[in-house]
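Observations on the model geometry
Listed below, chain by chain, are the residues.
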Amino acid sequence: QVQLVESGGGLVQAGGSLRLSCAASGRTFSNYVMGWFRQAPGKERDFVAAISWSGRNTRYVDSVKGRFTISRDNAENTVYLQMNSLKPEDTAIYYCAANPNDLFTSATNYNYWGQGTQVTVSS
């Protein structure tokens, strides 16, 4: 089992920045690919970004490229999502997730999930 706890969400004006954190416990953190997803009200849970075990490889949805950066600190068992130039359409609950295999973009391929953290971007 892997336990994931997100933090860092909040209310920010458009153009602002937030950094989300996801602290992991349980099995060896560095064995897992980590991902960030988001879910807006009435919508499906969508892929945002993923990072490989070592941190060398990353993947992003097109809408956040150049604005969001995913990173990880395996010594601290934490994955981060730095979000800059935020837009109202980024408003959602953000979830971190883990899987042992690949930089998947489908939520169904992730085995472990956090409880989510709310990000609200005002216009």
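Below, the structure is looked at part by part.

**Structural notes on unusual backbone geometry**
A positive phi angle is found at Asn77, which is not glycine, with a value near 55 degrees. Tracing the backbone shows Asn77 in the loop between strand E7 (68–73) and strand E8 (78–83). Of the residues examined, Asn77 reaches a relative accessible area of 29% and is grouped as partly exposed. A positive phi angle is found at Ser85, which is not glycine, with a value near 50 degrees.

**Quick look at the packing of aromatic side chains**
Overall, the coordinates contain six aromatic pairs when judged by the stated rule. Each ring, one from Tyr95 and one from Trp113, has its centre 6.4 Å from the other, and the planes form 80 degrees; the classification is edge-to-face. Of the two residues, Tyr95 sits in strand E9 (residues 92–99) while Trp113 sits in strand E10 (residues 112–113), which places them 18 residues apart along the sequence. Residue Tyr95 is classed as buried on the basis of its relative accessible area, which comes to 10%. Sitting above the plane of the Tyr95 ring, Arg45 keeps its charged end 3.6 Å from the centroid.

**Describing the sheet that holds strand E3 (residues 18–26)**
The antiparallel open sheet is built from four strands, whose spatial order is E1-E3-E8-E7. The sheet is open, and its two borders are formed by strand E1 (2–7) and E7, each paired with just one other strand. Looking at each pair of strands side by side, their axes are set apart by 15 degrees on average, direction ignored. Direction of pairing for E7 relative to E8: antiparallel, over a ladder of six bridges. Across the sheet, the residue bridging to Arg72 is Val79, located in E8.

**Topic: the state of the cysteines**
Summed over all chains, the structure comprises one disulfide. Between the sulfur atoms of Cys22 and its disulfide mate Cys96 the distance is 1.9 Å. Torsion about the S-S bond of the Cys22 and Cys96 cystine: about 45 degrees, corresponding to right-handed handedness. Of this pair, Cys22 sits in strand E3 while Cys96 is found in strand E9, placing the two residues 74 residues apart along the sequence.

Cut-off values and rules
Residues numbered from 1 in each chain as written. Predicted model: local features only at pLDDT ≥ 70, side-chain atom pairs only at ≥ 80, totals over all residues. Heavy atoms only, no water. Helix = DSSP H or I, 4+ residues; strand = E, 2+ residues; numbered from the N terminus. Buried < 20%, exposed > 50% of the residue type's maximum accessible area, 1.4 Å probe, protein only. Phe/Tyr/Trp six-rings, centres within 6.5 Å; stacked < 30°, edge-to-face > 60°. Lys NZ or Arg CZ within 6 Å of the ring centre and 35° of its normal. Pairing = 2+ DSSP bridges. Axes fitted to C-alpha atoms, helices over the stretch in contact; angles between N-to-C directions. Disulfide = S-S within 2.5 Å.

That's the geometry; what it means functionally is another story.
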